[in-house]
Amino acid sequence: MAIVAGVDFGTLSVRVTIVDTGRGRVGSGIAEYPLHRKKDDPDHATQSHDNHMHALAEATRKATAAARISGEQVAALAIDTTGSSVIPVDANLQPLDEYYLWCDHRSWREAALITETARREKLPAIDWCGGTYSSEWGFSKLLHWLRHNPDKRQRFATAFEHCDMVAAVLCGITNPAAAPRSICAMGHKWMWNASLGGLPDEKFLASVDPLLKGIRCKLVGRYATSDQLAGQLAPEWAAKLGLRSGIPIPIGAFDAHWDAVGAGARTGDVVNVAGTSTCIIAMSNDTRLIPGVCGVVPGSVHPQKTGVEAGLSATGDIFEAIARRANTSVAALSQELASYRAGQTGLFRLTWDNGDRTVLVNPELGGITLGWHLTHGAQDELFAAIEGTAFHTRVILERMEQHGVPIRRVINAGGIPQKNEVLNRVYANVLNKPVLIPKSDVTSLGSAIFAALAAGAFRSLEEAQDALCPEYRVVEPDPKAVPTYEELYALYRELYFAFGSSNASAFSAGRVLPTLRRVAAAARGNA
């Protein structure tokens, strides 16, 4: 038995959870930090490393106080973070700028250039991250920073993903060559592939832009899965966190991947980690190319299995934007949605407000809503947006199944499914599958599981999951709603590829609005 701490850095706050491996979760603490946006640049999203670390210290002390334990009792600490959140540093690992947060899309031009060059040169690595490089990922963000910060280039030594930067700092590591590099982060976002020799070669990177010349050798470090240690907690940070120095810290990972572990995912499960965005995580015993997904990376979720990542670039962000425009909250709007029937609004929502992460991998797309009339309100738009994210999720799951990823169970994890039952119901009906929802929040539980493994409390990941993961409640598909959503999904899928692909075949748009009107009338009993 052991007491461990699991850390989860989200978009707006960090949560630290204290877990007793014999009793489960015993306390947690949360601390917030600002997200820096610019009104004149909607693609800009950055955060301060110092803000993150101060919040971590605050949340850790809150967590141990809530658990009524001494920090000396904590036997291990593990960290997950958002990704791709990238920070440039100097030779001593001191930040040269703020993090380019995962939702910073300023590098869309750089991403397009990387994609164009990779396709022209037939770079094998591009196929393993879906065939298109994203503005959400590491190389594009780094190139954008290098282009726009000529005065800081001389001091630039390397760049880190957030999970690796935090682990290195906590372990007192100041030499980039000794720093941890998460295979989860580098495999899904930096085209690192063990079977291809690691990162893309120097010739390719230099052909993208001469500013990337020499970058490959600067991305040094210890590349490893999360069953390996990043190091031990340094005395300086042990004092700040109120913990014992020398406790083990495993290699970190992305929040969604470890949320899937905390949700109890096994091979054959797919986990929708629905929050600000949605990450869709699965595991497979095979390693196969899947066009349009964010990566197929051995060891990125379970150290001995192949992780598959896909997702939606905006979910909760869209819901919040709808509520904000209506001067209310998502919770208030959602209270009125329990009685809504499938398709009753007559609205059809393509949820590309922050671009498309999967399967089109196109940040230049924008949200589309069809079917407006004068009496529609914010509640109607919210319900249509929930339906739209469910339809998009089905497109993704079908792509995964078509390429050999088994899907026997669908688990809705993340923050939204815990507080929005309408979303769970709509997903079950659109996917026409039972949806499992953990009976308690699993945020930071995955990191606690990896901390427990580092502490030697369990013999395997599965044993830890059996002991610590919550039970599920199940939302079954409604037989009355499924036929309606089958018809609407066929239409959605056609529109998804027609509007989202520049080389799409012609389609008959004239039937779209009459179909939406007819379905809405039937749902309201006015057919």
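Structure's up top.
Residues numbered from 1 in each chain as written. Predicted model: local features only at pLDDT ≥ 70, side-chain atom pairs only at ≥ 80, totals over all residues. Heavy atoms only, no water.

Colleague: So what's going on with the overall build of the protein? Which residues, and what values?
Modeller: Of the regular secondary structure elements, the protein holds 19 helices and 23 strands. On C-alpha atoms alone, the protein measures out to a radius of gyration of 23 Å, which is about the 24 Å that the 2.2 N^0.38 rule sets for 527 residues. For the protein, the spread of C-alpha atoms along the principal axes amounts to about 70 × 55 × 45 Å. Burial statistics for the protein: of 527 residues in total, 61% are counted as buried. Element-wise, carbon and sulfur atoms account for 49% of the exposed surface of the protein, whose accessible area totals about 19,800 Å². (Helix = DSSP H or I, 4+ residues; strand = E, 2+ residues; numbered from the N terminus. Rg over C-alpha atoms; globule rule 2.2 N^0.38 Å. Buried < 20%, exposed > 50% of the residue type's maximum accessible area, 1.4 Å probe, protein only. Areas by Shrake-Rupley, 256 points an atom, 1.4 Å probe, with all protein chains shown as cover.)

Colleague: How would you explain the sheet that holds strand β14 (residues 253-254) if you had to name every residue and give the values?
Modeller: Ordered by their spatial adjacency, 5 strands build an open sheet running β3-β2-β1-β6-β14, and the pairing between neighbours is mixed. Each edge of the open sheet is held by one strand with a lone partner, namely β3 (24-32) and β14. Across 2 bridges, the pairing between strand β6 (residues 74-81) and β14 is parallel. In the sheet register, D80 faces β14, and the bridge partner there is A253. (Pairing = 2+ DSSP bridges.)

Colleague: Before we move on, could you go through the environment of T174 and cite the residues and values that matter?
Modeller: In this structure, T174 sits in the loop between α5 (162-170) and β10 (180-182). When the C-alpha atoms of T174 and A91 are compared, they prove to be 7.7 Å apart, with 83 residues separating the residues in sequence. Once residues lying within four places of it in the same chain are set aside, the contact partners of T174 are A91, N92 and L93. (Contact = heavy atoms within 4.5 Å.)

Colleague: Before we move on, can you summarise the packing of aromatic side chains with the specific residues and values?
Modeller: By the definition in use, this model includes 16 aromatic pairs. Between Y133 and W137, the aromatic rings sit 5.1 Å apart at their centres with planes inclined by 85°, giving edge-to-face as the arrangement. Here Y133 and W137 have matching classes, each one buried. Among the aromatic side chains, those forming a connected cluster through ring pairs are F348, W352, F391, Y485, Y489, Y492, Y496 and F497. Lying across the ring of Y100, R106 places its NZ or CZ 4.4 Å from the centre. Taking NZ or CZ as reference, R394 lies 4.1 Å from the ring centre of Y489, over its face. (Phe/Tyr/Trp six-rings, centres within 6.5 Å; stacked < 30°, edge-to-face > 60°. Lys NZ or Arg CZ within 6 Å of the ring centre and 35° of its normal.)

Colleague: Which residues make up the sheet that holds strand β21 (residues 409-413), and what values go with them?
Modeller: Within a beta sheet, neighbouring strands are joined by backbone hydrogen bonds and run either parallel or antiparallel to one another. With respect to topology, 7 strands assemble into an open sheet ordered β17-β18-β16-β15-β21-β22-β23, the strand pairing being mixed. The sheet terminates laterally at β17 (295-298) and β23 (472-475), the two strands that pair on one side only. Averaged over neighbouring strand pairs, the angle between their axes works out to 25° when direction is ignored. The strands that helix α10 (residues 255-262) touches are β15 (269-274), β16 (278-284) and β18 (306-312); relative to β16, the one it contacts most, it runs at about 60°. In the packing of helix α15 (residues 421-431) onto the sheet, contacts are made with β15, β21, β22 (435-438) and β23, and the angle to β23 comes to roughly 60°. (Axes fitted to C-alpha atoms, helices over the stretch in contact; angles between N-to-C directions.)

Colleague: Give me the lowdown on the nonpolar core, citing residues and values where you can.
Modeller: Core analysis: the biggest nonpolar cluster contains 62 residues, and F319, M400 and Y485 have the highest contact counts within it. Considering every element that reaches this core, the biggest residue donor is helix α13 (residues 378-402), with 10 residues. Not counting the four nearest positions on each side in its chain, Y485 is found in contact with A342, G343, F383, E387, F391, V426, N429 and V430. The next biggest cluster of nonpolar side chains, apart from the first, holds 44 residues, and it includes I79, A167, L170 and L243. (Core = buried A, V, L, I, M, F, W, Y, C linked by side-chain atoms within 4.5 Å.)

Colleague: Describe the environment of I3, and please don't skip the residues or the numbers.
Modeller: Looking at where I3 falls in the secondary structure, it is placed in strand β1 (residues 3-9). Given a relative accessible area of 13%, I3 falls into the buried group. Considering only alpha carbons, one finds I3 and R23, 20 residues apart in sequence, at a separation of 9.5 Å. Not counting chain neighbours up to four residues away, the residues in contact with I3 comprise I18, V19, D20, I69, Q73, V74, A75 and A76.

Colleague: Describe the pattern of salt bridges, naming the residues involved and giving the relevant values.
Modeller: Taken as a whole and assessed by the stated rule, the structure comprises 25 salt bridges. The shortest N-O distance in the salt bridge between R288 and D286 comes to 3.5 Å. A relative accessible area of 39% places D286 in the partly exposed class. Among the charged side chains, a network of salt bridges with common partners joins R325, R349, D353 and E381. (Salt bridge = Lys/Arg side-chain N within 4 Å of Asp/Glu carboxyl O.)

Colleague: Tell me about the packing of α13 against helix α18 (residues 482-500), and name the residues and values.
Modeller: Orientation of α13 relative to α18, taken along the N-to-C sense of each, is 75°, at an axis distance of 10 Å. Comparing their axes, α18 and α13 come out roughly perpendicular. Of α18, the residues touching α13 (which contributes F383, E387, G388, F391, H392, R394, V395, E398, R399 and Q402) are Y485, E486, L488, Y489, Y492, R493, Y496 and F497. Across the contact of α13 with α18, the residue classes tally to 9 nonpolar, 3 polar and 6 charged. (Parallel < 35°, antiparallel > 145°, perpendicular 65-115°, else oblique. Nonpolar A, V, L, I, M, F, W, Y, C, P; charged D, E, K, R; others polar.)

Colleague: Account for the packing of helix α1 (residues 49-67) against α5, with residues named and values stated.
Modeller: One way to put it is that α1 packs onto α5 with a least axis distance of 12 Å and a crossing angle of 60°. In this structure, α1 meets α5 at a crossing whose hand is right-handed. Across the interface between the two elements, H49, H52, M53 and L56 from α1 touch H162, M165, V166, V169 and L170 from α5. Along the lines of polarity and charge, the residues of the contact of α1 with α5 split into 6 nonpolar, 3 polar and no charged. (Left-handed = near helix turned anticlockwise from the far one by under 90°.)

Colleague: So, the side chain of T369: which residues are in play, and what are the values?
Modeller: Position of T369 among the secondary structure elements: in strand β20 (residues 368-370). At 3.1 Å, the side chain of T369 forms a polar contact with the side chain of R349. Discounting residues that sit within four places of it in the chain, T369 has contacts with L347, F348 and R349. (Polar contact = N/O pair within 3.5 Å; in protein donor to acceptor, adjacent residues only side chain to side chain.)

Colleague: How would you explain helix α11 (residues 316-325) if you had to name every residue and give the values?
Modeller: What α11 keeps buried is the set G316, I318, F319, A321, I322 and A323. Close packing links the buried residues of α11 with α12 (330-334), β19 (348-350), α13, α14 (415-419) and α15.

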